[in-house]
Amino acid sequence: MPFEHPNPQVQAFGRRVEAEFSDEASGHDWWHVWRVWRLARRIAAAEGAEVRTCELAALGHDVEDHKLGRPAGTLAAWLAEAGVDEATAARVVAIAQRVSFKGAGVPDAMPTLEGRVVQDADRLDAIGAIGVARAFAYGGARGRLLYDPHEAPERHDSFEAYRKTNSSSLMHFYEKLFLLKDRMHTPTARALAEERHAFMEAYVQRFLDEWEGNA
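Residues numbered from 1 in each chain as written. Predicted model: local features only at pLDDT ≥ 70, side-chain atom pairs only at ≥ 80, totals over all residues. Heavy atoms only, no water.

Draft legend 1. How the structure looks around the pattern of salt bridges. All told, the structure shown has 12 salt bridges when counted by the stated rule. For Arg 16, the salt bridge identified is with Glu 20, shortest N-O distance 3.2 Å. Residue Arg 16 and its partner Glu 20 are located together in helix H1 (residues 8-21), separated by 4 residues, close to a single helical turn. Owing to a relative accessible area of 27%, Arg 16 belongs among the partly exposed residues under this scheme. Arg 16 serves as the salt-bridge partner of Glu 81, at 2.4 Å between the closest nitrogen and oxygen. (Salt bridge = Lys/Arg side-chain N within 4 Å of Asp/Glu carboxyl O. Helix = DSSP H or I, 4+ residues; strand = E, 2+ residues; numbered from the N terminus. Buried < 20%, exposed > 50% of the residue type's maximum accessible area, 1.4 Å probe, protein only.)

Draft legend 2. Highlighting the packing of aromatic side chains. For the structure shown, the criterion picks out 14 aromatic pairs. Taken together, a centroid distance of 4.9 Å and an interplanar angle of 75° make the contact between Phe 3 and Trp 37 edge-to-face. With Phe 3 in the segment before H1 and Trp 37 in helix H2 (residues 30-47), this pair connects stretches of sequence that are 34 residues apart. Considering the side-chain rings of Trp 30 and Trp 31, the 6.4 Å spacing of their centres and the 55° angle between planes classify their relative orientation as tilted. One Lys or Arg, Arg 70, reaches over the ring of Phe 21 and ends 4.3 Å from the middle of that ring. (Phe/Tyr/Trp six-rings, centres within 6.5 Å; stacked < 30°, edge-to-face > 60°. Lys NZ or Arg CZ within 6 Å of the ring centre and 35° of its normal.)

Draft legend 3. A look at the side chain of His 197. Looking at where His 197 falls in the secondary structure, it is placed in helix H10 (residues 187-211). By relative accessible area, which is 8% here, His 197 ends up buried. Excluding its chain neighbours within four sequence positions, the residues that come into contact with His 197 are Ile 127, Phe 178 and Lys 181. (Contact = heavy atoms within 4.5 Å.)

Draft legend 4. Region of interest: the environment of Gly 69. Looking at the secondary structure, you find Gly 69 in the loop between helix H3 (51-60) and helix H4 (74-81). Note: C-alpha distance between Gly 69 and Pro 8 (61 residues apart in sequence) is 28 Å.

Draft legend 5. Representation of the nonpolar core in the model. One finds Phe 13, Leu 79, Leu 124 and Phe 173 to be the most contacted residues of the largest nonpolar core, which totals 59 residues. Tallying contributions element by element places H2 first for this core, with 8 residues. Setting aside chain neighbours within four positions, we find Phe 13 in contact with Leu 56, Leu 59, Gly 60, Leu 75, Trp 78, Leu 79 and Ala 82. (Core = buried A, V, L, I, M, F, W, Y, C linked by side-chain atoms within 4.5 Å.)

Draft legend 6. Structural context of H1. For H1, spanning 14 residues, the distance from its first C-alpha to its last is 20 Å, which sits close to the expected 20 Å at 1.5 Å a residue. Buried residues in H1 make contact with H2, H3 and H4. One side-chain oxygen at the N-terminal end of H1 lies 2.9 Å from the backbone nitrogen of Gln 9; it belongs to Asn 7. (Expected span 1.5 Å × (residues − 1). Polar contact = N/O pair within 3.5 Å; in protein donor to acceptor, adjacent residues only side chain to side chain.)

Rendered as C-alpha cells:
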C-alpha cells in the first residue's frame, strides 16, 4: 500500500521517496526511511519539535546521501514537486545535509531541534537488532568482508577518510555504531539507544566467541 499521510505535501513527497528507494538493497531502502520517519514523529512529539519539518526531513534524509549517488539539488526538486513551500524546503535541505555520520573525528553539530530529532531517529535505526542487519547488508552490497581479525579500528578525522574506508562489516561497529549512543541529542533518543546499544555489544561479543570457536 502506498505511503499515506493526511498532509498532501508530506504524502506526495513520501510517495516519491518510496518509489525511488523501494529497490535499494544496501540497508538504505524505503523501509529504513519509513522507520526513521516513524521514530522522528515519536521523538518530535516528545521533545516539542515542529512535527511537519521533522517528517519531511526524515523522509528526505537519504535522498542526497553520498553513498547513493544522487546529485545536489535532487532533494529540493522533489520537495518542490510535492508542493512544499520554499521556507520549509530550505529547512529540510539544511537538516538533510548534516544528518549523516562522517567520521569519528568529524564535528557533527546540528543547530536546530528538528535537525537533532531527525539525526537521532536516523542513528537509532543504525543500532540495535536492525542496525546489526543493516551493517551486514551494507557490507555485502559493497563487497566487504564479514570480519578480518588482523584489522584494527580507525578514527577517521575527515569525511574523505571515512568515505574511502573499506574495512570489514564488523569493524563498522567499532568505527561508527558503538559511538552513536553517546551522540544522541534528545532525552527520548538517549533512553531508546541504551537497550539497542546493549544488544549490539552482546551480539558482537557472541560473534567473536563463535569466530574463535569458543561458543
